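The residues making up each chain are set out below.
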Amino acid sequence: MNKELFYIETEFIKLQDLLKFSGLTETGGQAKILIQDGCVLVNGQVCTMRGKKIRQGDKVTLDDLTLEVREY
């Protein structure tokens, strides 16, 4: 499994936006479908909430890539 750091300048980022801005999905629509289908893990748990607030220290996994969120 690959792991990358993703830096945010705000207190949180919504899960759907994280997938889009990190390049894990090409569009917000694609992110929405993957989240609704239960393909995304947040801190090891399936998350189907597109608007879930992802904060520093959270880990988001899609396929074989895990993003660890950090603040600048």
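Heads up: the structure comes first, above all this text.
Our subject in this report is the structure included herewith. Given the structure is predicted, the values throughout are model-derived calculations rather than measurements.

Rules used in this analysis
Residues numbered from 1 in each chain as written. Predicted model: local features only at pLDDT ≥ 70, side-chain atom pairs only at ≥ 80, totals over all residues. Heavy atoms only, no water. Helix = DSSP H or I, 4+ residues; strand = E, 2+ residues; numbered from the N terminus. Buried < 20%, exposed > 50% of the residue type's maximum accessible area, 1.4 Å probe, protein only. Contact = heavy atoms within 4.5 Å. Areas by Shrake-Rupley, 256 points an atom, 1.4 Å probe, with all protein chains shown as cover. Lys, Arg positive; Asp, Glu negative; His and termini not counted. Charge placed at Lys NZ, Arg CZ, Asp CG, Glu CD. Core = buried A, V, L, I, M, F, W, Y, C linked by side-chain atoms within 4.5 Å. Disulfide = S-S within 2.5 Å.

## Re the overall build of the protein
Step number 1: Along the protein, the regular secondary structure elements total two helices and seven strands.
Step number 2: Along the first, second and third principal axes, the C-alpha set of the protein runs to 30 × 25 × 20 Å.
Step number 3: Taken across its 72 residues, the protein has 35% of its residues classed as buried.
Step number 4: Look at the contacts in the protein between residues 6 or more apart in sequence, and 51% of them connect residues 24 or more apart.
Step number 5: A total accessible area of about 4,600 Å² is found for the protein, and carbon and sulfur atoms account for 44% of it.
Step number 6: Placing the 10 positive and 11 negative side-chain charges of the protein at their respective mean positions leaves the two points 7 Å apart.

## Re the nonpolar core
Step number 1: Membership of the largest hydrophobic core comes to 18 residues, with the highest contact counts inside it found for L15, L18, V40, I54 and V60.
Step number 2: For this core, the secondary-structure elements that each account for two or more residues are β1 (2–8), α1 (15–21), α2 (28–36), β3 (40–42), β6 (59–62) and β7 (65–71).
Step number 3: Residues within four places of I54 in sequence aside, it is in contact with I8, E11, F12, I13, K14, L15, L18, V42, V60 and V69.

## Considering the state of the cysteines
Step number 1: This structure, assessed with the given rule, holds zero disulfides.
Step number 2: Note on C39: no disulfide assigned, nearest cysteine sulfur contributed by C47 at a separation of 12 Å.
Step number 3: Of the residues examined, C47 reaches a relative accessible area of 6% and is grouped as buried.

## Quick look at the environment of K59
Step number 1: In this fold, K59 is placed in strand β6.
Step number 2: The partly exposed category is assigned to K59, whose relative accessible area is 36%.
Step number 3: In this structure the C-alpha to C-alpha distance between K59 and F6, which are 53 residues apart in sequence, comes to 9.6 Å.
Step number 4: Sequence-distant contacts of K59, that is, excluding residues within four places in its chain, are made with L41, V42, N43, T66, L67 and E68.

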